Amino acid sequence: MVRDVTAVTQDETVENVVRIMATQFLSGIPVVTEDMRVIGFVSESDVIRAAIPGYFSLLQSTTFIPDMSQFLKMAAKLKDKPIREIMTHPPLVVNENASLAHVADLMIKHNVKILPVVDEHGRLLGVITRTNIVRAAMEGYL
Amino acid sequence: MKVITVTLNPALDREFIIEGFTVNAYHRIKGQNHMMMNPGGKGINVSMALAKLGVSSIAIGIIGGYTGRVLLTELNKVSPLISTSFVHIEEETRENIVIVDPVNHTMTSINSPGPRVDRKAVELLLKRYDIYLSRAEAVVISGSLPQGLTGEIYGKMAKKAKEKGRMVFFDMIDEYLTEALEICVPDVVKPDVRGSLTILGERLESLEDYVEAAANLVKRGCKLAVVSYEIKNDVVATQDGVWLISTEEKVDPENILGAGDAYVGAMVYKRLTEKNASMLEVARFGYAAALAKTRKLAKEMPEYEEISEALKSCRLERLR
């Protein structure tokens, strides 16, 4: 895992969270309490889902989107909202002692790229990515 | 995560070992083992020193651009005891260059000023800092500041930590120290007097000036003040008096890189692991760590056994 504990609290604005994700090349970020317990997770998909009307997900191509202004309006409205309104809650997390096979299984089942790693009290210790898993497999740790 | 180390102006340290280094000449570096690239900046160095002593820490601060990413990648490789959380900005993190010459016993340092940091980045950092404070026992605030920030930020961070009952350690130049002390007094202070021999605006010349400066810091409310005196000696003030810690051992100037950070790391370790240790013992252990570091050429932090060994060479003399 990567021992980077970059996280936000649930009152952080969507705009700031997107800014952090963009500058740190993160596909998602844990949401924590004041004592660092992970209570949510915000991914790129959560933000995009919140910025588009529900029926968009049924479309296979943006060619079918009749009017982009609707997306732009929703994105503008979204930026000042607290992240708790769009985060995944409760979050999917893994314990620091979980086997890599278990983590890989969770990632495949839930189709996620990154998972928060927590201690026995649910406090954030770092994150694990798909690349971490693939690398570990190549090195024979899986 | 027991300790938060704050590095607002980190650097990618590039260290070159060049025998017979002179200016205005062409030098070829011998091989890969004569050139090192390490994550640097005082707080980060303290995290590395703590990791060597088995203490977990979280290194926080502001990094930028490609150099910042290289720094973070390297730092994440150092030890599983170091967690990180840096706010990323666009301007490049600085690189510090050190040329060590083991033949002429010189160390030439070129330190860059660092990027300009905007208000938004500082706000994001302070929010994270508040979260991490909940789990830390001590905070180390040290090093230079990037452009656009003043010592006020150090004072504010120290105040937040003290309000939550955390121990605070300062290691910074007089300009920042003077401003920070207006807001909050730390538990332990080790002023960085390398650039200008000044503490709280007072010029340091005689040993008595050093004694007075250290004692004044304790009068301001610090529990321990450590002031470096003529490279290998330290004037140490506590509420019980003032001492000089020294050694008869020869200390080569080219080996002092990172010694001050080993000092701070070891003081934090002693304070966390031996709650009943006196402040003088804390300073002695720090001094021994710095001495142990100077026995190594590269910026490699000492192990506990090496510090214990160096303790035997420390001499203590009461001055006041």
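Nothing here was measured: the structure is a model prediction, and the numbers come from that model.

Asker: Which parts of the structure should I look at to understand the environment of B:Gly114?
Answerer: All names here are of chain B. Inspection of the secondary structure assignment puts Gly-114 in the loop between strand S7 (106-110) and helix H3 (119-133). Spatially, the C-alpha atom of Gly-114 lies 4.7 Å from that of Arg-94, the residues being 20 residues apart in sequence. Beyond its immediate stretch of four places on either side in the chain, Gly-114 contacts Asn-9, Arg-94 and Gln-147.

Asker: I tried to follow the confidence of the model for chain B on my own but got confused; where do I start?
Answerer: All names here are of chain B. Per-residue confidence for chain B gives a mean pLDDT of 93; residues scoring 70 or more make up 99%. Put simply, S7 is where chain B has its lowest mean pLDDT, 89, and strand S10 (residues 188-189) is where it has its highest, 98. For this predicted complex, the interface confidence reaches an ipTM of 0.77, while the overall pTM sits at 0.88.

Asker: Help me understand the packing of aromatic side chains, please; the structure alone is not making it clear to me.
Answerer: Describing an aromatic ring pair means giving the distance of the ring centres and the angle of the ring planes. Residues and elements named next belong to chain B. Across all of its chains, the model carries 6 aromatic pairs over all chains by this definition. Seen in terms of ring centroids, Tyr-154 and Tyr-176 are 6.1 Å apart; in terms of plane orientation they differ by 80°. Their pairing is edge-to-face. Highlighted residues: Tyr-154 in helix H4 (residues 152-163) and Tyr-176 in helix H5 (residues 174-181), separated in sequence by 22 residues. Through a chain of ring-to-ring contacts, three or more aromatic side chains come together here, namely Tyr-269, Phe-285 and Tyr-304. One Lys or Arg, Lys-190, reaches over the ring of Tyr-263 and ends 5.1 Å from the middle of that ring.

Asker: I'm lost on helix H1 (residues 42-52) of chain B in this one. Help?
Answerer: Quick reminder: α-helices carry 3.6 residues per turn. Residues three or four places apart thus point the same way. Residues and elements named next belong to chain B. For H1, the tally of buried residues reaches 10 of 11 residues, placing the bulk of the element in the interior. Those residues of H1 not exposed but buried are Lys-42, Gly-43, Ile-44, Asn-45, Val-46, Ser-47, Met-48, Ala-49, Leu-50 and Ala-51. Positioned one or two residues after H1, Gly-54 has a phi angle of 80°, which is positive.

Asker: Which parts of the structure should I look at to understand the side chain of B:Asp234?
Answerer: Residues and elements named next belong to chain B. Note on placement: Asp-234 falls in strand S14 (residues 233-238). Buried and unpaired, Asp-234 has Lys-190 as its nearest opposite-charge partner, separated by 5.5 Å. Of note is the side chain of Asp-234, whose polar atom sits 3.4 Å from the side chain of Tyr-263. Filtering out sequence-adjacent residues up to four positions away, Asp-234 remains in contact with Val-226, Val-227, Ser-228, Tyr-229, Trp-243, Leu-244, Ile-245, Tyr-263 and Tyr-287.

Asker: Honestly, the interface of chain B and chain A in this entry has me stumped. Any pointers?
Answerer: It is common to give the size of an interface as the accessible area lost on bringing the parts into contact. Between chain B and chain A, the residue contacts involve 23 residues of the former and 23 residues of the latter. With both chains or domains summed, chain B and chain A bury close to 1,800 Å², and 49% of this area falls on carbon and sulfur atoms. Counting across the interface, chain B meets chain A through 1 salt bridge. On inspection of chain B and its partner chain A, the count reaches 12 residue pairs in polar contact (both at pLDDT 80 or more). Counting residues per element, the ones that place at least two in the side of chain B that touches chain A are helix H2 (65-78), strand S5 (82-89) and H3 of chain B. Looking at the side of chain B that touches chain A residue by residue, the class counts come to 11 nonpolar, 6 polar and 6 charged.

Asker: I'm lost on empty space enclosed by the protein in this one. Help?
Answerer: Taking a probe equal in size to a water molecule and rolling it over the atoms shows the remaining empty space. Applying the stated criterion to the full structure yields 3 cavities of 30 Å³ or more. Of the volumes computed, that of the largest cavity is approximately 60 Å³. Residue lining of the largest cavity: A:Ala7, A:Val8, A:Thr9, A:Glu12, A:Ile20, B:Leu124, B:Lys127, B:Arg128 and B:Ile131, and that is the complete set. Those elements that provide at least two residues to the lining of the largest cavity are strand S1 (8-9) of chain A together with H3 of chain B. A breakdown of the residues in the lining of the largest cavity according to their chemical character gives 5 nonpolar, 1 polar and 3 charged. Estimated volume of the second largest cavity: approximately 50 Å³. Taken together, B:Leu8, B:Asn9, B:Pro10, B:Ile62, B:Ile63, B:Gly64, B:Ile89, B:Thr93, B:Arg94, B:Pro115, B:Val117 and B:Pro146 make up the lining of the second largest cavity. The element contributing the most residues to the lining of the second largest cavity is strand S4 (residues 57-64) of chain B, with 3 residues. When the residues that make up the lining of the second largest cavity are grouped by side-chain class, the tally is 8 nonpolar, 3 polar and 1 charged.

Asker: Explanation requested: the sheet that holds strand S9 (residues 167-171) of chain B in the structure shown.
Answerer: The pairing of strands in a sheet comes from backbone hydrogen bonds and takes either a parallel or an antiparallel form. All names here are of chain B. Strand order in the open sheet formed by 10 strands is S5-S4-S1-S8-S9-S10-S13-S14-S15-S16, and the pairing between neighbours is mixed. The strands lining the two open edges of the sheet, one partner per strand, are S5 and strand S16 (314-318). With 8 bridges joining them, S4 and S5 adopt parallel strand pairing. Within S5, the position partnered with Gly-61 by the bridge is Phe-86.

Asker: Got a minute to help me understand the sheet that holds S1(A) in this structure?
Answerer: Residue and element names in this part refer to chain A. As summarised here, the arrangement of the 3 strands in space is S1-S2-S3, forming an open sheet in which the pairing is mixed. Two strands close off the open sheet at either side, each with one partner strand: S1 and strand S3 (38-43). Running at roughly 135° to strand S2 (residues 28-32), helix H1 (residues 14-23) makes contact with S1, S2 and S3 of the sheet.

Thresholds, definitions, all that
- Residues numbered from 1 in each chain as written.
- Chains lettered and ligands numbered in written order.
- Predicted model: local features only at pLDDT ≥ 70, side-chain atom pairs only at ≥ 80, totals over all residues.
- Heavy atoms only, no water.
- Helix = DSSP H or I, 4+ residues; strand = E, 2+ residues; numbered from the N terminus.
- Contact = heavy atoms within 4.5 Å.
- pLDDT = per-residue confidence, 0-100.
- Phe/Tyr/Trp six-rings, centres within 6.5 Å; stacked < 30°, edge-to-face > 60°.
- Lys NZ or Arg CZ within 6 Å of the ring centre and 35° of its normal.
- Buried < 20%, exposed > 50% of the residue type's maximum accessible area, 1.4 Å probe, protein only.
- Lys, Arg positive; Asp, Glu negative; His and termini not counted.
- Salt bridge = Lys/Arg side-chain N within 4 Å of Asp/Glu carboxyl O.
- Polar contact = N/O pair within 3.5 Å; in protein donor to acceptor, adjacent residues only side chain to side chain.
- Buried area = accessible area lost by both parts, 1.4 Å probe.
- Nonpolar A, V, L, I, M, F, W, Y, C, P; charged D, E, K, R; others polar.
- 1 Å grid on protein atoms, 1.4 Å probe; cavity = no way out; pocket = protein on both sides within 12 Å on 5 of 7 lines; lining within 4 Å.
- Points joined across faces, edges and corners; volume = space filled by probe spheres on them.
- Pairing = 2+ DSSP bridges.
- Axes fitted to C-alpha atoms, helices over the stretch in contact; angles between N-to-C directions.

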